[in-house]
Amino acid sequence: MLQTTDFALLRRIATAQAESRAPSLVAAVVRDGVVVWTGTRGKVDGQTPTTDTQYRIGSITKTFIAVLVMRLRDEGLLDLNDALDKHLQGTSFGDVTIAQLLSHTAGLTSESPGLWWERAVGDDWTALQNSLTQNALRHRSGARFHYTNVGYGVLGELVARVRGTSWLEALEAEILAPLGMTRTTPQPQAPAALGWAVHPFADVLLNEPTPDAGAMAPAGQLWSTVHDLARWVRFIGGDTGDVLHPDTVAEMRTPAHVDDNDAWTMGYGLGFEAMRLGGRRLSGHSGSMPGFLASALIDWRTGTGALSMANSTSGVPVVALSHDLINLVEELEPALPAEWEPMAEADPELLSLTGLWHWGPTPYLLRLLPEGWLRLAPVSGVGRQSRFRPEGRDTWTGLDGYYAGETLVLHRNADGVPSHFDLATFVFTREPYGTPDAIPGGVDETGWRTLG
């Protein structure tokens, strides 16, 4: 970072720590897969915290559980549309789907019955299951977003049942060890910050408890550091190593539910929060537990992300802080566009398919992308458009937009010459309503005419 950028970032976290009266605050910025800035304010045990000081990250834990579930999906061990009962029997809500649990749309109660789970010593799965025999569902499954900590306790047990091990053992073996996140743990390991509540009317502190949450631990148990959480921010942005395919992470980032369909600012995907703040699309998660607040966000389109952690129960705007750190970097040091380079190779047959195609009278442009991918978009730039990945000769699968998951098929005439594309029943021809035999409903035999 330039000196001016470095100072602007430092001033932002200094202001947040002072105005929020946080005992300590740490933050970092990630760009293009590298930690480009870190900053700290306040004290932990009388010393300045470092990138190796642990803080409790609360509900950011849920993102790790979600990744474990998606690994099971990608391995074919479960389907997101599976009912919970297929893999974890005995609950009173076995009809809810795994996807609904991941996206908080199952309608499940938000908190576990009994004592406030974040401050009480947790019990085992049997106790949690037995506490949810009545009124566990507060809404019709799939009807709405309703954040549920219980749902992620259930998903943690699901991972354990399918893997035949604890969710923590699966986490260590499948995520933490491969990504080198050696300082992300279920219990604090020195150096670690104590969690504090700050008196609302005096500058004095009260130590907060940090008990083991038992069966509810998958909802918010983990502790981490700036160094480790920065690696996780990179992961959310698509730098996934061998843990998960980037396409799966992109699927997780896609909102399954938004609060406002017209101008939404907050949504939730499959384990990741989705935010639209100030024109920027962010993915990640926030977290809070008694004594701690945390946020890990990335603008996956630009590759710039940020994290912030504080050892205070409330009052520190960690989400706004992470967002502001991303904005400062993007505004003060905007990234240069990648240099244009010609493709290393291009299939002449695919190259001959590029150019104008028409859906009815509407002209579309088909462009050839590297590795045989195609992009189909209206000439006007307004309307349905998608990229397509090759699945074999003359077949592609949509990756985004309206046609995500749909199949684009190239049809040929008896001589093998391309005649038209079929995309989810929509026919694209070289000329408007060309290849009449392929047009659903046929084409008026009198052809184009005037009204005179």
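Look a little higher up for the structure.
Residues numbered from 1 in each chain as written. Predicted model: local features only at pLDDT ≥ 70, side-chain atom pairs only at ≥ 80, totals over all residues. Heavy atoms only, no water.

A. Region of the structure containing the packing of helix α2 (residues 61-74) against helix α6 (residues 167-179). Interaxial distance between α2 and α6 falls to 10 Å at its minimum, and their mutual angle equals 80°. As far as their axial angle goes, α6 and α2 are roughly perpendicular. Of the residues in α6, those in contact with Thr61, Phe64, Ile65, Val67, Leu68 and Arg71 of α2 are Trp167, Ala170, Leu171, Glu174, Ile175 and Leu176. Of the residues in the contact of α2 with α6, the class split is nine nonpolar, one polar and two charged. (Axes fitted to C-alpha atoms, helices over the stretch in contact; angles between N-to-C directions. Helix = DSSP H or I, 4+ residues; strand = E, 2+ residues; numbered from the N terminus. Parallel < 35°, antiparallel > 145°, perpendicular 65-115°, else oblique. Contact = heavy atoms within 4.5 Å. Nonpolar A, V, L, I, M, F, W, Y, C, P; charged D, E, K, R; others polar.)

B. Structural view of the sheet that holds strand β17 (residues 395-398). As summarised here, the arrangement of the eight strands in space is β13-β14-β15-β16-β17-β18-β19-β20, forming a closed barrel in which the pairing is antiparallel. Along the sheet, successive strands turn relative to each other by an average axial angle of 30°, direction set aside. Summarising the sheet, strand β16 (residues 386-392) and β17 pair through four bridges and their orientation is antiparallel. Bridge pairing links Pro390 to Trp396 in β17. (Pairing = 2+ DSSP bridges.)

C. Representation of α6. The terminal C-alpha atoms of α6 lie 17 Å apart, and with 13 residues this matches the ideal 18 Å at 1.5 Å per residue to within 8%. Of all the bends in α6, the largest measures some 35° and sits at Ala173. Here α6 has its buried residues at Trp167, Ala170, Leu171, Glu174, Ile175, Leu176 and Leu179. Directly after α6, the chain includes Gly180, whose backbone phi takes a positive value near 70°. (Expected span 1.5 Å × (residues − 1). Bend = angle between axes of the 7 residues up to and from the residue. Buried < 20%, exposed > 50% of the residue type's maximum accessible area, 1.4 Å probe, protein only.)

D. Just the pattern of salt bridges, in detail. With the rule as written, the count across this model stands at 25 salt bridges. For the salt bridge of Lys86 with Asp82, the shortest nitrogen-to-oxygen distance reads 3.6 Å. The class for Lys86 is exposed, based on a relative accessible area of 57%. Here the salt bridges share partners, and the residues they tie into one network are Arg71, Glu75, Arg163 and Glu174. (Salt bridge = Lys/Arg side-chain N within 4 Å of Asp/Glu carboxyl O.)

E. A look at the sheet that holds strand β9 (residues 273-277). In space, the eight strands of this open sheet follow the order β2-β1-β12-β11-β10-β9-β8-β7, with antiparallel pairing throughout. Edge strands, defined here as strands with exactly one partner in the open sheet, are β2 (34-42) and β7 (257-258). Contacts between helix α1 (residues 3-20) and the sheet are confined to β1 (24-31) and β2, with β2 contributing the most and set at about 40° to the helix. The sheet contacts of helix α9 (residues 318-332) involve β1, β2, β9, β10 (280-289), β11 (292-299) and β12 (304-310), and relative to β12 the element is tilted by about 145°.

F. Region of interest: the nonpolar core. Counting residues in hydrophobic clusters, the biggest one holds 74 residues, and the most contacted among them are Phe64, Leu102, Val154, Leu155, Ile175, Trp232 and Met309. The greatest single-element share of this core, amounting to eight residues, is contributed by α2. When neighbours within four sequence positions are excluded, Val154 is seen to be in contact with Leu84, Leu88, Phe93, Leu101, Leu108 and Trp125. Counting 20 residues, the second largest nonpolar core, distinct from the first, contains Ala27, Val29, Trp37 and Val316. (Core = buried A, V, L, I, M, F, W, Y, C linked by side-chain atoms within 4.5 Å.)

G. Up close: the side chain of Asn149. For Asn149, the location among the structural elements is in helix α5 (residues 149-163). The buried category is assigned to Asn149, whose relative accessible area is 5%.

H. Up close: the side chain of Thr61. Tracing the sequence through the fold places Thr61 in helix α2. At 2.7 Å, the side chain of Thr61 and the backbone oxygen of Gly58 are in polar contact. Ignoring any residue separated from it by four or fewer positions in sequence, one finds Thr61 in contact with Trp167, Ala217, Pro218, Ala219, Gly220, Gln221 and Leu222. (Polar contact = N/O pair within 3.5 Å; in protein donor to acceptor, adjacent residues only side chain to side chain.)

I. Just the pairing of β16, in detail. Of the strand pairs in this sheet, strand β15 (residues 374-378) and β16 are connected by three bridges, and their pairing is antiparallel. When the bridges of β16 are listed, Leu376 appears paired with Ser386. Between β16 and β17, which pair antiparallel one after the other, the connecting turn spans two residues, and Asp394 there sits at a positive phi close to 70°.

So far we have only geometry, and geometry alone does not tell us how the molecule works.
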